[in-house]
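Chains, contacts and geometry: an overview
Chain by chain, the residues:
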Amino acid sequence: MANLASLESAINLFYKSQSSDQAQLNEYLVEQQRSQLAWQWSWEFLDFSKTVEVQFFGAVTLHNKLSKNWQEVPESMHNELKEKLLQKIVDFGSAGTKLVLNRLSMCLSSFIVHMLKEWPSAISDVISMFENQQLPNITQHTQQWILFDVLSGVPEEAVSVFTSIQRVQLKNEVYKNAPFVLKTLEQFICMKCEKQQLEDEDITSLQNAAKCVQAWFKNGLIPLDQCMNISTAILKLISKIYWSISESDGCLSPDESELSETCLKALSNMMVLPEAHKYSATALALMRMFLELLSPIVKNEWKMDNLNEDIAFCIYSLFITSIECHSRTILAGICSESPDHHEIYVRFVNEILLCTDKPGTYPVEESCSTLAMGFWFMLQDEVLSYDNPVERQRCLAEIQPVYAHLVKILVRKSQLPDENCINKWNSDDLETFRCYRQDIADTLLCCFDVLHTQILKILSDILDEGIAAIQVDIKNWPILEGAIHGFCAISQQIDGAEYEEIAKLMRVLNEIPYETMNEKLLGTALETMGSLSEWVNDNPKYLMSAIQLLVKGLDSSMSSQATLGLKDLTSDCQADQMIPLSEPLLDACQQALLKGHLANSESIRLMYSIGNIMSVVPIEKIPIYLDNIISPCFTELQMHAEQQNTTDSARLRVMFCLNMISTLFSSLNTNKIKNEKKRIQPIMGEAERPQPILMILQKTMPIFKQICDLYINDIQVVEILCKAIQQALNNLMDDIKPILNDICILILSIFQNKCVPPVNDIAALCILMFYGDEAYKEPMRQLLFQIIFYNFRTFDQIPPNKFSDISDLLESFYALNTKIVKKIPAAYSNENMDFVKLMDYALKSITLPETGPLKKAASFIATFVKESRNHASMTNTMLMKGDDIVKTSLLCIAGAIPRVNVDVFGDVFIALNSKYPSEFIVWMKILEAPTFPTTYVNHDEKINFMKAIIKEKVNKRLIQDHIKRFAAKCRGVIEEQHM
């Protein structure tokens, strides 16, 4: 134990030092708190001759000892401890700081919880002592403050103290006192409500009382009748606050605002009632009471213009919470035979509609309407989940008018701010509103599930209103934009029928004079057109109008939405439908690229559409378009490669060109039209040409190699280049065989310079795709061998403590090998294959702190074990390395890796136990070695773990549970037992 002067110095330094210095001091102070001598010096520190910091630390230490080390207090000392504690509370209540007094109150709370068995009347005695002002030299207000602080702490201590009593039993003992505590709080609140005017001290005391109510409801379940009584008291208090400011035309003070929020939070906690009571008459009465007392606030009867928006937010939150906690009770009133029950449902729904339709623009003028969104999903789910179809249809008919009204509200609330307002919004407001609009879109989808095609009629009427509005004044464009956004939101649910409302929308979208309107209107129109691409596919006569609008958008400031829309349209519409329009559309796309006004991301996205369109143009015209559109990218790449230009600007251009090529490779495929009759016939006598991508690659593989050589140390560039090759492989499949050898040469040439993860991925794809073809089996086997060789060469050069530096390479390497050993293990049949080294580096990978290589290597080991019995060389490797696998796995579980990752060894143990059961028993006996894997586990715990793992051969979840518990024990972690 350090001397007290040194300890005091450390405490003062800790509270006055910077955070960087506090960590070391904190470790020292925590160590001192663990000492039994802390029972002694904590009292000495609670002296007015000490600094406030030392007093506070003494109180904190005393609370920690009471909470965690109660067993160190002899029973004979319990009464003395109580007297000392009360005396210190008196001392600091009369002359000390509230910071220390609060901690002493927590000490008394902890003491009461521990003493309930020995002193059953502890809570009532303490309440009586404070109510009768039996503590000398302390004001009545301070005694009330201390009492509520102590009572607030009791339920919280009941769920946190270390005790030999079962947690459930302890909580039950504590909550036997709940009626008495809440009755005390109810009487106090009602007494204050009787006062003509609340003083500052009253507000502080009431706030502490409300916090106390909140604590008791938060940590346990309270009888319904008690809920009713205390809820009534709190609601009266809320009413008093709001009626008083309404009558005085004043505003809430900060203290009044905080008190209101605390009361509302307490009410929210009360709403969580036991399941058994949720259909009771008392529960419904509680619902009605909330409505009667809170509805005036919501309905603006209490001069909401004076009401702080945060308070309004809390009030609405209470409504939502009450609905969520009692959804089955309230929503059962939809078609209830009871008029009272149905009335409660109707009133709650109307209140939530008012919340959704709160006046003002979110989020700059109001912040509450977003709270209601989840309710509409809940109501819809409740109705649609009814098993009885008759009852379901009856309830659906009941809620449809509500949802019809809701659609109109949502469309109005989603309207964008006009030019006059938008300048007042900051970036956070704009982002919040964007998220809000997405929430509205999701809620409109929910409305579609209730209203079905009826929602189209509603939106069509709103569309007409928007058209009429801009005819009056073009500044009314947000009304029209909101209607179009509504159609966009539900587009994914619209089936292929030719609805007149959608046909009208398509016409309107092409007739709007966008050049005279705000650009955001065009942006939403383009997004909507793209979202309707599947409907256009089913109704191809509208394809021309869709393309016309999207092409117009390419030449505007909303080109991003246009490229997105074209991507959707060219992907979803059948290729034969695109043929008549393909060349004009391709010309328009080419012109957009040439103008140079598109952002890089937009050009790359447009290239996907170009690939789709080019797939259906006459074959003889494809080379012409390729020369015009993609050849400049290869020309620029070759220029940078020849000039050895690696400047930042050159690097950005190289990545852009590679992304353009990669995107084209992902979509250009002339096999998209199977019926050759639908294609313009090639010139008579001309042979069918190969795939365009193949033709490109045959000419440009040397350029790819040059770029790889130039940027071999730039993983981002190499990754994009590999992605281009991967897209070609995935797109062409067998059609790529003529240049497969060139791709393999490129892969190996990169590996000769440097092993990089993306190339491992490309190699894996090639091997998995073509190993099954007899003509390519041997080349793919050799490719695998070379890949493993080059990766091993890299691994061999890495110092033992630097493997984390190549964690991404290890991850990709073992991802490759896991796929090979799982799908084509025969590919390993090379006499020079070093399985031992393959396993050694896998074992090295599972010891790394990085999750990626750890999981991939563990998966490889498990898969290798499962397959090994089918191949002699792999079996021999397992017999040689099995003990190392078990030993390393156990060391990882014991602490070599983060505990969150130990789950991965479940698969390894199950595989070993399944394929090598007798050997596994021998290998697991390493646990019998003293101090292995750590000193925290004793011999019996290790043997029990070993038996549990060996016994379980199938249930991975159970194995993982055993591993997690053993990992905690090995690390000295004490896991809390849930009582």
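Residues numbered from 1 in each chain as written. Predicted model: local features only at pLDDT ≥ 70, side-chain atom pairs only at ≥ 80, totals over all residues. Heavy atoms only, no water.

**A few points about the packing of aromatic side chains**
All told, the structure shown has 33 aromatic pairs when counted by the stated rule. Ring centres of Phe375 and Trp376 lie 4.8 Å apart, and the angle between their planes is 75°; this geometry places the pair in the edge-to-face category. According to the relative accessible area criterion, Phe375 is buried, its value standing at 3%. Given a relative accessible area of 0%, Trp376 falls into the buried group. Ring geometry for Phe433 and Tyr436: centres 6.1 Å apart, planes at 40°, overall tilted. (Phe/Tyr/Trp six-rings, centres within 6.5 Å; stacked < 30°, edge-to-face > 60°. Buried < 20%, exposed > 50% of the residue type's maximum accessible area, 1.4 Å probe, protein only.)

**Some remarks on helix H24 (residues 500-511)**
If you check H24, its first and last C-alpha atoms are 16 Å apart, about what 12 residues at 1.5 Å a residue would give, namely 16 Å. Every buried residue of H24 is accounted for by Glu501, Ile502, Ala503, Lys504, Leu505, Met506, Val508 and Leu509. On its buried face, H24 sits against helix H22 (454-472), helix H23 (477-490), helix H25 (519-531), helix H26 (533-538) and helix H27 (543-554). (Helix = DSSP H or I, 4+ residues; strand = E, 2+ residues; numbered from the N terminus. Expected span 1.5 Å × (residues − 1). Contact = heavy atoms within 4.5 Å.)

**Remarks on the state of the cysteines**
Within the structure shown, the criterion is met by 0 disulfides. The thiol of Cys193 is unpaired, and the distance to the nearest cysteine sulfur, on Cys190, comes to 6.1 Å. No disulfide involves Cys708; its sulfur sits 6.0 Å from that of Cys722, the nearest cysteine. For Cys708, a relative accessible area of 2% gives the class buried. (Disulfide = S-S within 2.5 Å.)

**Focus: the confidence of the model for the chain**
Overall, the predicted model of the chain reaches an average pLDDT of 88, with 91% of residues at or above 70. Low confidence marks residues 674-687, where pLDDT is under 50. Its contacts with residues over four positions away, or in another chain, come to 13 contacts. (pLDDT = per-residue confidence, 0-100.)

**Description of the packing of helix H29 (residues 575-595) against helix H31 (residues 622-629)**
The contact between H29 and H31 brings their axes to 11 Å, and the two run at 15°. With respect to H31, the element H29 is oriented roughly parallel. When the axes of H29 and H31 are compared, the crossing they make is left-handed. Residue-level contacts link Glu583, Leu586, Asp587, Gln590 and Leu593 of H29 to Tyr625, Asn628 and Ile629 of H31. Of the residues contributing to the contact of H29 with H31, the split by class is 4 nonpolar, 2 polar and 2 charged. (Axes fitted to C-alpha atoms, helices over the stretch in contact; angles between N-to-C directions. Parallel < 35°, antiparallel > 145°, perpendicular 65-115°, else oblique. Left-handed = near helix turned anticlockwise from the far one by under 90°. Nonpolar A, V, L, I, M, F, W, Y, C, P; charged D, E, K, R; others polar.)

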